Amino acid sequence: MSDTFHLDGAEVPFESGQTVMQAALAAGHYIPHLCYHPEFKPHGSCKLCTVKVNGRTTASCTMPAEAGLEIESETEELNALRRTLVQMLFAEGNHFCPSCEKSGNCMLQALGYDLEVHTAGFRHLYPDRPVDASHPDILLDFNRCILCELCVRASSEVDGKNVFGLAGRGITKHLIVNAESGQLADTDIALADKAMQVCPVGVILPKRVGFSIPIGSRRYDERPISAQALDDAPRQSAASGGCTACEE
Amino acid sequence: MTDTINNLETAAHPENLRRVAIDPVSRVEGHGKVTLLLDENDRVHQVRLHIVEFRGFEKFIQGRPFWEAPVMVQRLCGICPVSHHLAASKAMDMIVGATLTPTAEKVRRLMHFGQMFQSHALHFFHLCSPDLLFGFGSDVAKRNIVGVAAAYPDIAKQGVLLRKYGQEVIRITAGKRVHGTGSIPGGVNKNVSIEERDYLLKDIGQMIEWSRDAVGMIRKLFEQNLDEFNAFGRFRSHTLNLVRADGAMDLYHGGLRARDMDGNTLFDHYDYSHYWDVIFEDVKPWSYMKFPFLRSLGTETGWYRVGPLSRVTQCDFIPTPLANQARMAFMAFAGGSVAGATLGFHWARMIEMLHAAEMIQELLLDPDLQGTDLVHTGERQERGVGVIEAPRGTLIHHYKVDEHDQITRCNLIVSTTHNNQAMNEAIRQVARQYIDGKKLTEGLLNHIEVAIRAFDPCLSCATHALGKMPLEVELLDVSGNRVDVLSRSSDGAFCSPD
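From a predicted model like this one, the values you see are computed outputs, not experimental measurements.

Conventions we followed
Residues numbered from 1 in each chain as written. Chains lettered and ligands numbered in written order. Predicted model: local features only at pLDDT ≥ 70, side-chain atom pairs only at ≥ 80, totals over all residues. Heavy atoms only, no water. Helix = DSSP H or I, 4+ residues; strand = E, 2+ residues; numbered from the N terminus. Buried < 20%, exposed > 50% of the residue type's maximum accessible area, 1.4 Å probe, protein only. Contact = heavy atoms within 4.5 Å. Areas by Shrake-Rupley, 256 points an atom, 1.4 Å probe, with all protein chains shown as cover. Salt bridge = Lys/Arg side-chain N within 4 Å of Asp/Glu carboxyl O. Polar contact = N/O pair within 3.5 Å; in protein donor to acceptor, adjacent residues only side chain to side chain. Pairing = 2+ DSSP bridges. Axes fitted to C-alpha atoms, helices over the stretch in contact; angles between N-to-C directions. Parallel < 35°, antiparallel > 145°, perpendicular 65-115°, else oblique. Left-handed = near helix turned anticlockwise from the far one by under 90°. Nonpolar A, V, L, I, M, F, W, Y, C, P; charged D, E, K, R; others polar. Patch = residues over 30% accessible without salt bridge, like charges linked within 9 Å, V, L, I, M, F, W, Y side chains within 5 Å. Lys, Arg positive; Asp, Glu negative; His and termini not counted. Charge placed at Lys NZ, Arg CZ, Asp CG, Glu CD. Expected span 1.5 Å × (residues − 1). Arc of directions from axis to C-beta. Phe/Tyr/Trp six-rings, centres within 6.5 Å; stacked < 30°, edge-to-face > 60°. Lys NZ or Arg CZ within 6 Å of the ring centre and 35° of its normal.

Here we come to the overall build of chain A. Counting its secondary structure elements, chain A contains seven helices and 10 strands. Counting every position in chain A, which comprises 248 residues, the buried fraction comes to 49%. In chain A, of all internal contacts separated by at least 6 residues, the share reaching a separation of at least 24 is 61%. Within the structure as shown, chain A displays about 11,900 Å² of accessible surface, and the carbon and sulfur contribution to it stands at 50%.

Glancing now at the interface of chain B and chain A. Facing 20 residues of chain B, the contacting portion of chain A comprises 19 residues. Summed over the shared surface of chain B and chain A, the number is four salt bridges. Here chain B is connected to chain A by six residue pairs in polar contact (both at pLDDT 80 or more).

This paragraph deals with the pairing of strand β9 (residues 174–177) of chain A. Residue and element names in this part refer to chain A. Here β9 shows a buried face lined by Leu-175 and Val-177 and an unburied face lined by His-174 and Ile-176. Across four bridges, strand β8 (residues 164–167) lies against β9 in antiparallel orientation. Residue pairing across strands places Leu-166 opposite Leu-175, the latter belonging to β9. As consecutive antiparallel partners, β8 and β9 are separated by six residues, and within that stretch Gly-168 has a phi angle of approximately 85°, a positive value.

Attention now goes to the packing of helix α4 (residues 102–134) of chain B against helix α15 (residues 442–455) of chain B. All names here are of chain B. Closest axis-to-axis distance for the α4/α15 pair is 10 Å, and the angle between their directions is 150°. As the angle between them shows, α4 and α15 are arranged roughly antiparallel. With respect to the hand of their crossing, α4 and α15 are arranged in left-handed fashion. When α4 is examined against α15, the residues His-123, Leu-127, Cys-128 and Asp-131 are found in contact with a partner set consisting of Asn-446, Val-450, Arg-453 and Ala-454. Looking at the contact of α4 with α15 residue by residue, the class counts come to four nonpolar, two polar and two charged.

This brings us to a positive patch on the surface. On the surface, a cluster of positive charge is made up of B:Lys290, B:Arg383, B:Lys400 and B:Arg409. When you line up the elements, B:Lys290 lands in the loop between β9 (279–282) and β10 (291–294).

Once that is clear, we can look at helix α11 (residues 321–332) of chain B. All names here are of chain B. For α11, with 12 residues, the first-to-last C-alpha span of 17 Å sits near the 16 Å given by 1.5 Å per residue. The complete set of buried residues in α11 reads Ala-323, Asn-324, Ala-326, Arg-327 and Phe-330. Projected down its long axis, α11 carries its buried residues within an arc of 160°, all on one side. Exposed and oriented more than 90 degrees from the buried face of α11 are Pro-321 and Ala-332.

With that settled, consider the packing of aromatic side chains. All names here are of chain B. Under the definition given, this model contains 19 aromatic pairs over all chains. For the ring pair Phe-66 and Trp-67, a centre distance of 5.2 Å and an interplane angle of 75° mean the geometry is edge-to-face. The pair formed by Phe-66 and Trp-67 is uniform in burial state, with each residue classed as buried. Aromatic side chains Phe-124 and Phe-125 sit 5.2 Å apart centroid to centroid with 90° between the ring planes, which places their arrangement in the edge-to-face category. Comparing Phe-124 with Phe-125 shows no difference in burial state: the two are buried. Here the aromatic cluster, defined as three or more aromatic residues joined through ring pairs, consists of Phe-136, Phe-222, Phe-229, Phe-232, Phe-330, Phe-333, Trp-347 and Tyr-434. Seen from the ring of Tyr-252, Lys-90 lies directly overhead, with NZ or CZ sitting 4.6 Å from the centre. For the cation-ring pair, Arg-305 lies above Phe-235, with the distance from its terminal atom to the ring centre recorded as 4.6 Å.

Adjacent strands of a sheet pair through backbone hydrogen bonds, lying either parallel or antiparallel. Pairing is mixed in the open sheet, where four strands are placed in the order β8-β7-β6-β11 (chain B). With partners counted over all chains shown, the strands left at the sheet margins are β8 (265–270) and β11 (304–305) of chain B, one partner each.

Now for the side chain of A:Arg144. By the secondary structure assignment, A:Arg144 is in the loop between β7 (138–141) and α4 (150–159). Take A:Arg144: its relative accessible area is 5%, and that puts it in the buried class. Among residues more than four places away in sequence, those in contact with A:Arg144 are A:Asn94, A:His95, A:Ser99, A:Cys100, A:Arg129, A:Val201, A:Gly202, A:Val203, A:Leu205, B:Arg64 and B:Glu68.

Structure representation (structure tokens):
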């Protein structure tokens with residue numbers, strides 16, 4: 001028998017070792033997030049998943065679930081903070097949705113829509129970030145990086161290749177390629193790697209795919225990210241109490 | 001009159017003349033400006049149309065992956081983005097070595113005819129019909145689409161619904177009404193389903209009928225104002241346009257045909273992939289926009305005009321029956337004289353709108369639209385050139401792509417650029433016909449804008465839309481001091497401090 005906590009007034013069951021985010025998604029409750037991925041250890045860097053636990057703000061992806069917690073997530077106060085975070089991410093990079101091939105499949109864009117980010121909010125920094133097109137099959141467009149480190153984690157933990165890393169501090173922090181030349185062509189990355197599948201924005205792209213998915217068939221065309229994320233998350237089976245992802 | 005038209009480009013002694021600026025004569029993509037130099041007797045000595053905004057697409061597309069170009073460069077325009085989308089796609093077809101499948105080519109053509117249809121409807125009904133229906137110097141408060149809706153509600157309604165239909169064709173083929181993604185290097189990303197086809201077929205009969213009515217309407221306006229319309233901003237020029245291999249009008253693909261002002265063919269069915277051997281661009285110190293010319297004739301006399309008037313008059317026939325009948329009537333009207341009139345652009349434009357409607361119907365009935373073979377690629381190339389007939393004229397996209405798939409060079413020659421010298425010639429003629437020696441009024445200045453609108457809906461859109469575009473005309477002395485000013489405020493009111 002599992003314990004429970006309260007999320008926006010709803011009773012949420014959890015298993016020992018689960019975080020608030022994992023338990024919430026498994027029970028069908030969406031908490032906005034960007035750097036969280038169900039297949040990787042929590043990272044806690046984007047802060048989109050910030051909730052109030054017994055009145056104190058914390059990242060729900062790293063917060064262990066405990067019985068009896070009173071958690072707020074879907075409040076105007078927290079969503080206003082999330083909107084600001086999304087605005088800051090847009091301002092820090094060069095995100096030109098109109099000509100970005102990740103449009104419609106991009107988590108940052110989808111969150112912007114879902115959180116109703118209607119204005120830029122901040123002056124854009126327009127950083128000078130080159131494109132790495134050296135690899136014959138893969139394009140790296142650093143302009144769109146949000147430093148979620150999902151590619152770093154995927155390449156290291158799943159692919160065992162350590163293709164990516166982060167360098168620099170503060171506002172100069174940036175994604176790098178672990179090769180002497182700094183070029184993707186001089187790594188052993190491959191199209192089938194996990195690192196190719198996890199980028200939430202349009203940084204790591206298979207070449208020559210572009211806009212081959214028509215508008216209307218893209219990931220977030222039909223359903224908002226808040227609904228799509230629940231489909232993607234390992235779910236608690238109502239009948240067995242087990243995880244639907246594990247039943248497969 | 002002793003001046004030649006060309007003399008009005010640069011006054012012999014500008015230091016002694018008053019400068020009058022229509023600034024902004026703006027357009028959707030940016031801002032245009034007309035400057036006139038007048039002497040103490042209000043005689044015109046110099047007239048220039050300047051397109052003053054820097055766009056920069058040719059530069060900032062460099063370094064981007066080639067498959068991004070058809071989506072990025074269409075942001076050049078909000079009225080005819082499909083033209084840029086398709087011209088860039090055609091260039092990228094060459095880059096990826098593609099020969100389009102029948103489905104891909106027909107879906108693209110359908111998209112293009114939807115674009116042509118909506119753009120021509122917008123231009124004629126929303127932007128230009130107020131001038132034509134009420135008169136060039138008529139009450140400025142009424143001379144807008146709202147005034148048309150009040151005085152001619154059926155015409156205004158048809159204009160709106162015609163444009164809406166074209167936008168729906170674009171939505172279904174490109175995914176969005178404006179700035180879609182349907183065309184990709186080597187083909188398209190979707191076909192047209194049976195449901196989508198039937199949705200469009202439902203209204204196509206009405207669209208063809210209204211397009212015929214529009215051709216009849218501009219003909220009637222010419223009949224009522226033949227002398228004025230025929231002479232307005234009239235000038236002789238060479239022409240350039242694409243034609244099909246059999247000489248038919250083809251707005252999507254073909255070879256280049258250039259004819260001189262006497263109708264002699266300069267080149268025909270020219271492979272546009274080497275357009276730079278026959279077309280070159282000149283630079284003038286007073287304009288940010290280049291001046292293309294036909295190499296064989298040189299910079300001074302080699303300029304030409306593109307667009308509906310050039311296409312309709314220079315093709316051998318239009319391959320749809322109703323539009324071809326309309327073309328023959330147009331060519332025969334008033335002894336063939338309207339074929340050289342600046343306002344003949346409007347008549348030709350409506351003939352093309354009718355052609356587009358007929359082509360949309362023909363394509364919708366073609367089962368290839370439901371095909372599933374959408375993309376083809378072949379041997380990779382370094383250079384790609386795409387040319388298409390956009391609503392306002394011939395549009396050239398030229399790219400070079402390196403071995404890493406990044407664009408290293410881009411050259412775009414858009415319709416307005418082709419027509420740069422022609423528009424300057426038209427407004428010089430109008431200045432001489434209507435302004436030379438007269439006291440300036442808003443109505444007289446609008447005559448200059450009427451000539452610009454005949455060519456380019458982008459310019460006309462911003463200067464004309466609902467009469468809300470602020471416009472200020474200043475009279476300056478040689479020291480730059482303001483002598484007089486005439487202003488149109490954002491509510492359309494026209495006033496002078498006097």
